[in-house]
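Chain residues, written in single-letter form:
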Amino acid sequence: MTTENERTKLDEAVRTCTRCPLAETRTNAVPGDGPVPTRILFIGEAPGRNEDTKGIPFVGRAGSILDGLLEGIGVARDEVFITNIVKCRPPKNRDPTNEEIEACRPYLERQLVLLCPEVIVPLGRFAMRWVLESYGITPGPISEVHGTVFRIHNTGCEQVIIPVYHPAATIYRPAFREVLAADFETIREVLEQSLIP
Ligand code: URA
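Cut-off values and rules
- Residues numbered from 1 in each chain as written.
- Predicted model: local features only at pLDDT ≥ 70, side-chain atom pairs only at ≥ 80, totals over all residues.
- Heavy atoms only, no water.
- Helix = DSSP H or I, 4+ residues; strand = E, 2+ residues; numbered from the N terminus.
- Rg over C-alpha atoms; globule rule 2.2 N^0.38 Å.
- Contact = heavy atoms within 4.5 Å.
- Areas by Shrake-Rupley, 256 points an atom, 1.4 Å probe, with all protein chains shown as cover.
- Lys, Arg positive; Asp, Glu negative; His and termini not counted.
- Charge placed at Lys NZ, Arg CZ, Asp CG, Glu CD.
- Buried < 20%, exposed > 50% of the residue type's maximum accessible area, 1.4 Å probe, protein only.
- Pairing = 2+ DSSP bridges.
- Axes fitted to C-alpha atoms, helices over the stretch in contact; angles between N-to-C directions.
- Parallel < 35°, antiparallel > 145°, perpendicular 65-115°, else oblique.
- Left-handed = near helix turned anticlockwise from the far one by under 90°.
- Nonpolar A, V, L, I, M, F, W, Y, C, P; charged D, E, K, R; others polar.
- Near = heavy atom within 4 Å.
- Polar contact = N/O pair within 3.5 Å; in protein donor to acceptor, adjacent residues only side chain to side chain.
- Phe/Tyr/Trp six-rings, centres within 6.5 Å; stacked < 30°, edge-to-face > 60°.

So, on to the overall build of the protein. In terms of helices and strands, the protein carries nine helices and five strands. Counting from the amino terminus, helix and strand elements in the protein follow one another as α-α-β-α-α-β-α-β-α-α-β-β-α-α. In summary, the protein has a C-alpha radius of gyration of 16 Å against a globular reference of 16 Å for 197 residues, a match within 12%. Dimensions of the protein, computed from C-alpha atoms along their principal axes, come out at roughly 45 × 45 × 30 Å. Within the protein, contacts between residues separated by at least 24 positions form 69% of all contacts whose residues are at least 6 apart in sequence. Working note: accessible area of the protein is about 9,800 Å², and carbon and sulfur atoms make up 50% of it. Counting 22 positive and 27 negative side-chain charges, the protein places the centres of these two groups 5 Å from one another.

Shown next, in the form of structure tokens:
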């Protein structure tokens, strides 16, 4: 099966998923958006109201903030793949439960294989924990870990993980804007250092 075919099948599996009760309350499951394979993969927490309506990740307020951060480092949104650890909106945007995160795990695991990203950017503490623990790293709190460059050598290809605060965090704590912008500078530097153009 070609990568493109497998992506189409995986997206369809997400859109029709009934592995957890979020299937009963969602409008649309949100598989993710972007090129396959991809150089950079951003992983958020779960769709919000706008994403649930449109079936596309990060199209609401957090999405505008993410777009601005990408623009700040000269990366176009259509160059990156964006997804979430949980593909369906939790009611009233509550935090995803462990059961929901585990039910959705196979989709993101398969996406990581298909997308083969050089740089993985978990957005916020839930995605940070999911990604680092999946690579055998026990993370500290995001206040200590954000902006750290984790180099992974054991996956068959060289990969870099750079956890950052969730863009929505800046809505309630404007001081985080500068922190996020600085961490995106780190992402830009890592991309520039990379041997792959
Ligand atoms: N917040 C997320 O974590 N993901 C989205 O898709 C939108 C908002």
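There's plenty left to go through after this.
A separate point is the pairing of strand β2 (residues 81–84). Judged by which residues are buried, β2 turns out to be covered on both faces: Phe81 and Thr83 on one side and Ile82 and Asn84 on the other are all buried. In terms of strand pairing, strand β1 (residues 40–44) meets β2 through four bridges, oriented parallel. Bridge pairing in β2 links Gly44 to Asn84.

Looking now at the sheet that holds strand β3 (residues 119–122). Strand order in the open sheet formed by five strands is β2-β1-β3-β5-β4, with mixed pairing between adjacent strands. At either end of the open sheet lies a strand with only one pairing partner, and these are β2 and β4 (150–152). Strand-to-strand, the axes of this sheet are offset by a mean angle of 20°, without reference to chain direction. Pairing geometry for β3 and strand β5 (residues 159–161), over two bridges, is parallel. Each residue of the ladder has a partner; that of Ile120, found in β5, is Ile161. Those strands touched by helix α6 (residues 125–134) are β1, β3, β4 and β5, and its axis lies near 140° from that of β3.

Attention shifts here to the packing of helix α4 (residues 61–72) against helix α9 (residues 176–193). Look at α4 against α9: their axes get within 9 Å of each other, and the N-to-C directions meet at 45°. Considered as vectors, α4 and α9 are oriented oblique to each other. Regarding α4 and α9, the two cross each other, and that crossing is right-handed. Taking contact as the criterion, the partners of Leu66, Leu69, Leu70 and Gly72 in α4 are, on α9, Leu180, Ala181, Phe184 and Glu185. Looking at the contact of α4 with α9, its residues break down into six nonpolar, one polar and one charged.

The ligand sits among Gly44, Glu45, Ala46, Pro47, Glu51, Pro57, Phe58, Asn84 and His166. Here Phe58 contributes a backbone N or O atom positioned 3.1 Å from an oxygen atom of the ligand. Within the complex, 91% of the 240 Å² of free accessible area of the ligand lies under protein. Of the residues contributing to the shell around the ligand, the split by class is four nonpolar, three polar and two charged.

This next bit is on the packing of aromatic side chains. If you walk through the whole model with that rule in mind, you get two aromatic pairs. Seen in terms of ring centroids, Phe42 and Phe184 are 5.8 Å apart; in terms of plane orientation they differ by 15°. Their pairing is stacked. One end of the pair, Phe42, is in strand β1; the other, Phe184, is in helix α9, and 142 residues separate them in sequence. According to the relative accessible area criterion, Phe184 is buried, its value standing at 1%. Aromatic pair Tyr165 and Phe176: ring centres 4.3 Å apart, planes at 20°, arrangement stacked. Here Phe176 lies in helix α9 and Tyr165 lies in the loop between β5 and α8 (169–172), a separation of eleven residues in the sequence.

In short, geometric facts, not functional conclusions.
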